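Next come the chains, spelled out residue by residue.
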Amino acid sequence: MIFASFNIALIVIIALTSALPSQHNRRSVPGVGDQPEVVVRGRLEEERRQLNGETNLGAECINFSQPKMGLFKLTGRDSAKCNDGTDAGYYLLRRPSSRKWIIYLQGGWYCADEESCKLRMAQIPSLTGSASWRNCKTGDGIISMSSTVNPHLYDANMIYIPYCSSDVWSGTVRNRILGDMAFSFMGSAIVEQVVRRLIHNHGMLEATSVVMAGSSAGGTGVLLNIDRVQRVLTSAEIDVRVRGVVDSAWYLLRPDMENDNYCRGVTACSPVAMLKRGVHLWRPNMPPGCLNQQKSLISMNSPRSSMRNKSWKCFFGHVVYPHIKADVFVVQMLFDEVQFLSDRVSVWQFPGPITQLQSYIYKLYRDVKASLIDVGGVFASSCVGHAILTSSDWSEVAISHVRLPDAIQCWELRHGGTSEQPTNNRPEAQTRPDFYDTINETSDVIMPEGSQMYQEYYYEEAHLDPDTCQDKVIDPCSLPHCNPSCPPLYHPNSYREINAVQLNRDYLGIDISSMAGQLNMSVNELLRMMSDVYD
C-alpha cells in the first residue's frame, strides 16, 4: 500500500471516536446491599470480565526465534465488532520487563454507503472483518522488534490494531442496515475497548511511556482519539502522558471542497464527497472543541442538517490539531499522493500547460509548510508517496542530517513525562482564521533567520541530546522527490521505478541534470545539497 498511486483511493482522512462507559460510570449491580461481601466481589469481577473479555488466538507467537505479535479478539458484553459483525481485535507482543508501550492504528480506505461498503467487503475482506486475520503478526518500521530498523522503540510492548470498521476509526454505529445487510461502524469503540483490555488484562497500569501511532486513516484516528485514550488512562490512575505520531494524515482543506459533492458511483466519487456521506453513516464522535468551532461558523438560521455537514472538516489535521491537548508529532510527505487525489491532480497525466502543474507543485510545497508552522514536532520530506511508519526503510529517510526515528526520539525526550505536565503551547483555535483563507493570502513562508527548522546538527543515534537535537525538520528542497533518501517511487501504470531526475524532467518539465551541469556539480551532489541529507 505504501507509495501506491493516487489513482487508487488509498487512505482518507478520519474522524473522532466514540467511547463506551468507563468502569467508574458503569451500571450498578442489582441487590449488592443484600449480598455477602464475597458474593458482591464475585459479581463485580464477573462484570469486569464481561466488559474486558477477549480470546487469545496467538499464544504460540512468542515461540518463534523472533517473537511475533499474537492476536486477541474482543469478546464479552457489548464488545466492538467489525463491519461484517465478526469480533474486532488487536495484536500484542508483551514485554514484561518494559514499561514502554506503542499502539499502532492500521490505515486503509473507507466506505460510506451501501455500494462502496459491499464492494469493499468483496474486494478487501480483511478490512471489513476478522475471519481472515492470521494468529501471528510481524511488525515493521516503528513497530519492528529489530534494533536496527527501530532503534528507539524496538523493546517496547507492541500493539497493532487492525482496521476493520471502514469508518476511519470514528464510528459509533452497531448493525446499521444497508440494503439487505447489516454493517457496524465501531472504530471509535474498538480503540477504547482495546486500551481498556490492555489496562485490565495486560499490565498497562505500570506504563511510563505510551505512544499512539498510525498512518493515513490510522494517523487521523490518532488525532481524533488520543485525548480520549488519555482520559481512559487517567481514570485508571495511570500517571503517563499519551503522545501521538501521525503519519500521512495532514491534508489541506481547500476552498472548493466546501461545495464538493461529486459522486457518480463508487468508482467515481471524490474523497471529500465520500467523507461527507460518511459523517451521516458512521455517526462519528468528534473532538468537542473542533465540532463546536465548526458550528459557530454557521449562521444560526442554517438548517440542522447543514450544521452536521460541517463536521467533516474536523477530519483535516490542521483543522482539528488546535483542539487536541496531547502532544502530537506529524510525519508528512510534502507531495502526498492522497493530497494529489483530493486536489484531483495527476502528476503522471496532467491535462493542462506544464507551467500550471509547476505552479501547483510549488504552491503545494509552500502551503503544506505553512500549515505545519504551529506544530511542535514535524518531519516533512519532499518525497512523493504515502505512508512511511511501517516501512522497513523508514529509518533511512533523512532531512538536514536528521533521520526520522531520531526526530521522533528527540521529540519524545522533550515532551515525555507525567499526565500532569503541560502540553505544547499552541494558538487558540478560536482566534485563527480558516486555514485555507490563510494559505491563499500568503505569498510565501518566511522563517526567522537561524530558525530551528533549518539549523543543522549531527549526533549519534544512540545518544540524543534533548538540548541540541532536532524534533522539527522540514525539507528545504521544493522539487518533488528531490531528497535522495526518499523511498522508491513507482509509476502507477507501468510499475517502473522513477527517480527524481526522470520525474521532474519527464512530467514537470524541470531538468535537474541541466541545473547540475550549470553549477559544475553531479546530479547526486546537487540533490544532496538541496535536501542536505544524512551521509
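Above this text is the structure in question.
One structure accompanies this document, and this report is about it. (Residues numbered from 1 in each chain as written. Predicted model: local features only at pLDDT ≥ 70, side-chain atom pairs only at ≥ 80, totals over all residues. Heavy atoms only, no water.)

## Notes on the pattern of salt bridges
And step 1. Scanning the entire structure with this criterion turns up 19 salt bridges.
And step 2. A salt bridge links Asp 327 to Arg 241; the shortest N-O distance between them is 3.4 Å. Taken together, the residues Asp 327 in strand E11 (residues 327-336) and Arg 241 in the loop between helix H4 (217-235) and strand E10 (242-247) connect sequence positions 86 residues apart.
And step 3. For Arg 241, a relative accessible area of 6% puts it in the buried group.
And step 4. A salt bridge links Arg 344 to Asp 260; its shortest N-O distance comes to 2.9 Å. With Arg 344 in the loop between helix H9 (337-342) and helix H10 (354-371) and Asp 260 in the loop between E10 and helix H5 (271-282), the pair connects residues that are 84 residues apart, well separated along the chain.
And step 5. Exposure remark for Asp 260: the relative accessible area of 9% places this residue in the buried category.
And step 6. Through salt bridges that share partners, Arg 254, Asp 343, Lys 363, Arg 366 and Asp 367 make up one connected network. (Salt bridge = Lys/Arg side-chain N within 4 Å of Asp/Glu carboxyl O. Helix = DSSP H or I, 4+ residues; strand = E, 2+ residues; numbered from the N terminus. Buried < 20%, exposed > 50% of the residue type's maximum accessible area, 1.4 Å probe, protein only.)

## Regarding the pairing of strand E3 (residues 89-93)
And step 1. Of all the five residues making up E3, five are buried; the element is thus mostly covered by neighbouring parts of the structure.
And step 2. Here E3 shows a buried face lined by Gly 89, Tyr 91 and Leu 93 and a second buried face lined by Tyr 90 and Leu 92.
And step 3. Across three bridges, the pairing between E3 and strand E6 (residues 157-161) is antiparallel. Bridging from a neighbouring strand, Tyr 91 pairs with Tyr 160 of E6. (Pairing = 2+ DSSP bridges.)

## Considerations on helix H3 (residues 187-201)
Note that an α-helix has 3.6 residues per turn; residues three or four places apart therefore point the same way.
And step 1. Look at H3: 21 Å from first C-alpha to last across 15 residues, which is about the 21 Å you get at 1.5 Å a residue.
And step 2. Where burial is concerned, most of H3 is hidden: 13 out of the 15 residues are buried.
And step 3. Positive backbone phi, at 80°, marks Gly 203, one or two positions downstream of H3. (Expected span 1.5 Å × (residues − 1).)

## Observations regarding the state of the cysteines
And step 1. The final tally for this structure, using the stated rule, is seven disulfides.
And step 2. There is a disulfide in this structure between Cys 410 and Cys 469, and the S-S distance comes to 2.0 Å. Between Cys 410 and Cys 469, the S-S dihedral sits near 80°, and the bridge is therefore right-handed. You can see Cys 410 sitting in helix H11 (residues 404-415) and its partner Cys 469 sitting in the loop between helix H12 (435-441) and strand E15 (472-474), a full 59 residues away along the chain. (Disulfide = S-S within 2.5 Å.)

## Considerations on the packing of H3 against H4
And step 1. As a packed pair, H3 and H4 sit with axes 10 Å apart at the nearest point and diverge in direction by 30°. Classed by the angle they form, the pair H3 and H4 counts as roughly parallel. The two elements H3 and H4 cross, and the hand of that crossing is right-handed. Along the contact surface, H3 presents Ser 188, Val 191, Glu 192, Val 195, Arg 196 and Ile 199, while H4 presents Asn 225, Arg 228, Val 229, Val 232 and Leu 233.
And step 2. Here the contact of H3 with H4 is composed, by residue class, of six nonpolar, two polar and three charged. (Axes fitted to C-alpha atoms, helices over the stretch in contact; angles between N-to-C directions. Parallel < 35°, antiparallel > 145°, perpendicular 65-115°, else oblique. Left-handed = near helix turned anticlockwise from the far one by under 90°. Contact = heavy atoms within 4.5 Å. Nonpolar A, V, L, I, M, F, W, Y, C, P; charged D, E, K, R; others polar.)

## Observations concerning the environment of Val 523
And step 1. Along the chain, Val 523 falls in helix H15 (residues 523-531).
And step 2. Put simply, Val 523 and Ala 500 are 23 residues apart on the chain and 9.8 Å apart in space, counted from C-alpha to C-alpha.

Coordinates in, geometry out; function isn't part of it.
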